[in-house]
Amino acid sequence: MSIRKLPLVSCFHIKRFELSSTRNMSKKVDRYLQFPFSLDMAPYLSSSILRSRFGNRIFSFDGDELAGQEELSSEFELVAVITHTGKLNAGDHYVTYLRLSDQWYKCDDAWITQVNESIVRASQGYMMFYVQKMLFYKASERPFRPQFSLKEASIYQLNFSAPYLLLNSSIQVTLESKSPNQKVGIYYDQLQAYASYKGQQITLDTHIPAFYQAHQASNLISASLQGNSIPVASSIGYQVGRDQVAGNLVLALKVDGQLRWKVGTWVSLLSSSDTTLIG
């Protein structure tokens, strides 16, 4: 028996009961079981077994290349242990030991306490959960949000009509987005940008096409921000004119959107992100 494809998370369920031959009933098995904190599943893979028998002359199964399995890690790290105490039919209790950033926590109903690794090793394991090592270490490092900077901005139109009540604007901006993450990629989804002046939005929301950013990569984003007959407070018209004459017009660029994090082959759910740039 061998494993053809490894999951991201592996669960091992220990048989903690046996049938009593004398009383014709199930009884619990309380024997201590030593379990590893790191696990290498490579020896149990179909590709490894075939390679040991036939060398590198590996053929695909049902059109799937076995070599593709090597893109995923065969090394796993223990992240959770569920223990069972008491009898099978009454008075039993479950406790979970959870590993977060190399620190173990005991989850006992409503009580969560920090414990040493030795406590976990001595526990009576009932279920053990292992996650692929590359995913464990990457996920343990909280990803950082991308860093935005304004590279260039050109104001082609910024005037009022009727008077000082409706604003017309046309602004071209170029942003740089940089990922500070060493091993985490970022999907940029549903991005929108607009310009504002003293908290007043002066352009419509402009859609930015979705894109993927590799780890520690930089991308340039260009957007044309337009606003036609946007209602604004009457005081805004006066302040804009004053700042234009003084040569000190400060606008804010707002970027909203959804991000997804990519670690290996795993992609997270959407998370909100917003950034404000002053220029």
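Definitions and cut-offs
Residues numbered from 1 in each chain as written. Predicted model: local features only at pLDDT ≥ 70, side-chain atom pairs only at ≥ 80, totals over all residues. Heavy atoms only, no water. Helix = DSSP H or I, 4+ residues; strand = E, 2+ residues; numbered from the N terminus. Buried < 20%, exposed > 50% of the residue type's maximum accessible area, 1.4 Å probe, protein only. Contact = heavy atoms within 4.5 Å. Areas by Shrake-Rupley, 256 points an atom, 1.4 Å probe, with all protein chains shown as cover. Pairing = 2+ DSSP bridges. Core = buried A, V, L, I, M, F, W, Y, C linked by side-chain atoms within 4.5 Å. Axes fitted to C-alpha atoms, helices over the stretch in contact; angles between N-to-C directions. Salt bridge = Lys/Arg side-chain N within 4 Å of Asp/Glu carboxyl O. Phe/Tyr/Trp six-rings, centres within 6.5 Å; stacked < 30°, edge-to-face > 60°. Lys NZ or Arg CZ within 6 Å of the ring centre and 35° of its normal.

Along the backbone of the protein chain there are four helices and 19 strands. Buried residues in the protein chain amount to 35% of all 279 residues. In the protein chain, once contacts between residues fewer than 6 apart in sequence are set aside, the share between residues at least 24 apart is 68%. When the accessible area of the protein chain is evaluated, it comes to approximately 16800 Å², of which 52% is carbon and sulfur surface.

Let us now look at the pairing of strand β8 (residues 111-115). Bridge count between strand β7 (residues 103-108) and β8: five bridges; the pairing is antiparallel. Along β8, the bridge assignment pairs Cys107 with Ile112. The turn linking β7 back onto β8 is made up of two residues, and Asp109 within it adopts a positive phi angle of 55 degrees.

What follows is about the nonpolar core. Ranked by internal contacts, the top residues of the largest apolar core, which has 30 residues, are Ile171, Tyr188, Ile202, Leu225 and Leu253. Residue assignment for this core shows that the elements contributing at least two residues are β10 (147-161), β11 (166-178), β12 (185-197), β16 (218-231), α4 (234-246) and β17 (252-263). Excluding residues that lie within four positions of it along the chain, Ile202 makes contacts with Leu158, Leu167, Ser169, Ile171, Ala195, Ser196, Tyr197, Gly227, Ile230 and Leu251.

With phi around 55 degrees, Gln216 is a residue other than glycine that occupies positive phi space. Position of Gln216 relative to the elements: it lies in the loop between β15 (211-213) and β16. Residues other than glycine seldom take positive phi values, yet Ser229 does so here, at roughly 55 degrees. By secondary structure assignment, the location of Ser229 is in strand β16. Residue Ser229 is classed as partly exposed on the basis of its relative accessible area, which comes to 39%.

With that settled, the discussion passes to the sheet that holds β11. Strand order in the open sheet made by the three strands is β10-β11-β16, with antiparallel pairing throughout. On the outer flanks of this sheet lie β10 and β16, each paired with one strand and no other. Neighbouring strand axes in the sheet, compared pairwise and without regard to direction, differ in orientation by 10 degrees on average. As judged from the twelve bridges shared by β11 and β16, these two strands associate in the antiparallel manner. Bridge assignment links Ile171 to a residue of β16, and that residue is Leu225.

A few words on the pattern of salt bridges. Considering all chains together, one arrives at six salt bridges under this definition. For Arg260, the salt bridge identified is with Asp189, shortest N-O distance 2.6 Å. With a gap of 71 residues between them, Arg260 in strand β17 and Asp189 in strand β12 connect regions that are remote in the sequence. Asp189 gets classed as buried once you look at its relative accessible area, which sits at 13%. Its salt-bridge partner being Asp243, residue Arg242 comes within 3.5 Å of it at the nearest N-O pair.

All right, on to the side chain of Ser196 then. Looking at the secondary structure, you find Ser196 in strand β12. For Ser196, the residues in contact, after removing those within four places along its chain, are Gln201, Ile202, Leu251 and Ala252.

This next bit is on the packing of aromatic side chains. If you walk through the whole model with that rule in mind, you get seven aromatic pairs. A ring pair is formed by Phe37 and Trp104, whose centres lie 5.6 Å apart and whose planes are at 65 degrees; its orientation type is edge-to-face. Taken as a pair, Phe37 in the loop between β3 (25-28) and β4 (38-40) and Trp104 in strand β7 lie far apart in primary sequence, 67 residues in all. Note on Phe37: relative accessible area 8%, which makes it buried. Residue class for Trp104 comes out buried when judged on its relative accessible area of 2%. Here the guanidinium or amino end of Arg121 rests over the ring plane of Phe37, the centre of that ring lying 3.8 Å away.

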